[in-house]
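Listed below, chain by chain, are the residues.
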Amino acid sequence: MKYLYGIAVFACVILWSSCRNDFETIASSGNLEFSKDTVYLDTVFSNIGSSTYNLKVYNRSDEDIHIPTIGLERGEASAYRLNVDGIPGKSFEDITVFAKDSIFIFIETTIDIENFPNPDDAFLYTDKIVFDATGSRQDVELVTLIQDAVFLYPERFKDGTVETLNLGVDGDGNDILVEGFFLEEDELNFTNEKPYVIYGFAAVPPNRTLEIDAGARIHFHADSGLLVANTASIHSNGQPSTDPELMENEVIFEGDRLEPGFSDIPGQWLTIWLTQGSTDNIFTNTTIKNSVIGIINDNSPLSLRDVQIYNSSNYGIWGRNATITGDNLVINNSGESSLRCSLGGDYVFNHSTFANYWNNGFRKNPSVRISNSLNLGDVTITEPLVRAEFNNCIIYGSEQREFALEKDESEQFNFKFNHCLVRFEDPNDEFLNDPLYQFEDGVFYVEVVRNQDPEFFDTELNDFNIETGTSGADGIGEPGIGPPLDIDQKPRGSQPDAGAYESIVFPDPPGGTP
C-alpha cells in the first residue's frame, strides 16, 4: 500500500511539473529555514513507539530550491524514522522545495534501551536530519529521552495464541477470556526503582498480596489493567509527598504514553478490577488517572485514603454490592459518574470530594449515582443497600443535579448525607414530593447545604482546593469525623470544611486582584 501511495505521489509531481513552464531550480546554498532548530521527542519507554512529530522546511526565496540529499546523520542505523512529503525512509535524494513554499518532515522513533547501557535507567538519544551533506550543509537536531521499565505481559505461544485469563462464563455459557497472566511470586512487590509497564491484565493470584511501594509508577498499555483474584489482595502503599509537583511518594497508575499531550486523555487503559472474593484491598496516597474505569469493585472490601481518581471515560469508581470506606477521596472528570454504587453494598465516605466537570463530550449521569439494583438486560437483580453514608463531603459538578438515588422497593435502601455540600437544583419542582429528596427531614439529610458554589480553585487542572470565606463548603463540616488532616496534610480546624481540602486563601491572579 505504501508503495502504491509513493507511486501516486510521484505521478502527481510529474504531472504537476509537466505543466510548469518555469521548472528550474537553484542548488541549496544553506538558505533553507526550519520551524525549529531542534526537535524534542518527549520521553518514551524503551521499545514503545513515540508519537509523530513534525518539522517544516521553508523556502522563502523567489526561486525553487533543489536539495540533493536529506537524511539522518546516523544513516540506516538510526533509531529515528522519517517521512519527507509523504515518502517514508531514512535518506532521500533530489528534493525540491518550490519558491515561497515549504515541505513537511515527520519524525518517529522506537528505541531499545538495552542497546545503550546506562546506570540511571534513562538514555538521551540524539541524531540529526542533515540537508545537502556534501554541499551547503544544514542540520536539525533530534533529541529523545528513553526510560527503562519493568515490562509485564502475557506469554505468546508458538502457535501465535496469547496467554489468557478466564473471567467466568457469559449468558450463553461461553468462557469469557481476556489476554492476561498471573503475577509470579517474585513479581508481587512493585518497587519505585523503575516504572512498570503492563500489557493485558496482570492478575494477583489467589491467597497472595500485591505490595506496591511508595513512589511506584505503574503504566498500562491500551486495553490493559490490573485484576485482583478471589482471596487475593492489593496494597497500594503511597505516602505523603513533600513536593506537590513531583509527588515523589505517591503511587500513580496511568497509561504508557508519556508525551504531555496524553497527560489528561481519558480511556487510555481499562481498570483496576477487584473481583468478587478479593480481600483487604487498601489504597493510600494513590493517584489513578486516564482509565476507562478507575476501580471496579465486585462485592469486596476496599479502603481508600488520600486517593485521587481523574479522567475516567466511564466511572471513577464502580462498586457492585461492594464495601468501601473512603477518607480524603477526590474524583473528577468522568464520562458517566465519578462514583457509581450499584446492586446495594456498604459505603462510608468522610471528607471526600465527588466532582464532575467532564468536558470531553455529553454527560447524562450525575457525579454520584446510588442504587440497590443492577440491570442485566433481560433481568434486574437486587441486593440491600446496607449503608451509603456521606459525612462532610462535597458532591458538585457542571450539571443541575449531581447525585441520584434509585431505590428498588424489594430491598432495603439506607442512606445519609451529613454536613455535606451538594448540587441538586429542582427549578420545576419535579422532586418536591419525592421521599428520597426531602432535604429538610433531619434524618437522611442532616445540615446539608445545597447549590452553594464550592469555588474550586481550578477544575480543569483537577485542583479542588476551596477558598476561605467564599466557598460554600467553608466551615460546614461536623467536627470529629474522618481524618484530622486533609489530603494535603493540613490540619483541620475546630470547625472543619466539607470535602477533601481545608480551605486556603487563594493567591492573587497575575497583575493583582481584579
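In what follows, the structure referred to is the one given above.
Residues numbered from 1 in each chain as written. Predicted model: local features only at pLDDT ≥ 70, side-chain atom pairs only at ≥ 80, totals over all residues. Heavy atoms only, no water.

**Describing the pattern of salt bridges**
A complete count under the given rule lists 20 salt bridges for this structure. For Arg-137, the salt bridge is made with Glu-73, and the minimal N-O distance between the two is 2.7 Å. With Arg-137 in the loop between strand E10 (122-131) and strand E11 (138-147) and Glu-73 in the loop between strand E5 (64-72) and strand E6 (80-84), the pair connects residues that are 64 residues apart, well separated along the chain. Note that Glu-430 is salt-bridged to Arg-401, the shortest N-O span being 3.8 Å. (Salt bridge = Lys/Arg side-chain N within 4 Å of Asp/Glu carboxyl O. Helix = DSSP H or I, 4+ residues; strand = E, 2+ residues; numbered from the N terminus.)

**Description of the environment of Val-143**
Examined against the element boundaries, Val-143 turns out to sit in strand E11. Those residues in contact with Val-143 that lie beyond four places of it in its chain are Thr-38, Val-39, Tyr-40, Leu-41, Tyr-80, Leu-124, Tyr-125 and Thr-126. (Contact = heavy atoms within 4.5 Å.)

**A word on the nonpolar core**
The biggest cluster of nonpolar side chains holds 73 residues, and the ones touching the most others in it are Phe-253, Ile-295, Phe-354, Phe-390, Phe-403, Leu-405 and Phe-417. With seven residues, the single largest contributor to this core is strand E27 (residues 315-334). Judged by nonpolar contacts, the second largest core, of 29 residues, contains Leu-32, Ile-65, Ala-79 and Ile-113. (Core = buried A, V, L, I, M, F, W, Y, C linked by side-chain atoms within 4.5 Å. Buried < 20%, exposed > 50% of the residue type's maximum accessible area, 1.4 Å probe, protein only.)

**Considering the side chain of Asp-327**
Examined against the element boundaries, Asp-327 turns out to sit in strand E27. Buried charge without a salt bridge: Asp-327, with Arg-305 as the nearest opposite-charge side chain at an N-O distance of 4.6 Å. Residues in contact with Asp-327, not counting those within four places in the same chain, are Leu-304, Arg-305, Asp-306, Asn-350, His-351, Ser-352, Gly-482 and Pro-483. (Lys, Arg positive; Asp, Glu negative; His and termini not counted.)

**Structural notes on the sheet that holds strand E4 (residues 53-59)**
The strand order E2-E4-E9-E6-E7 describes an open sheet built from five strands, whose pairing is antiparallel. The open sheet has two edge strands, strand E2 (33-34) and strand E7 (87-89), and neither has a second partner. Pairing of E6 with strand E9 (residues 101-109) involves five bridges; the strand directions are antiparallel. Bridge assignment links Val-84 to a residue of E9, and that residue is Ile-105. (Pairing = 2+ DSSP bridges.)

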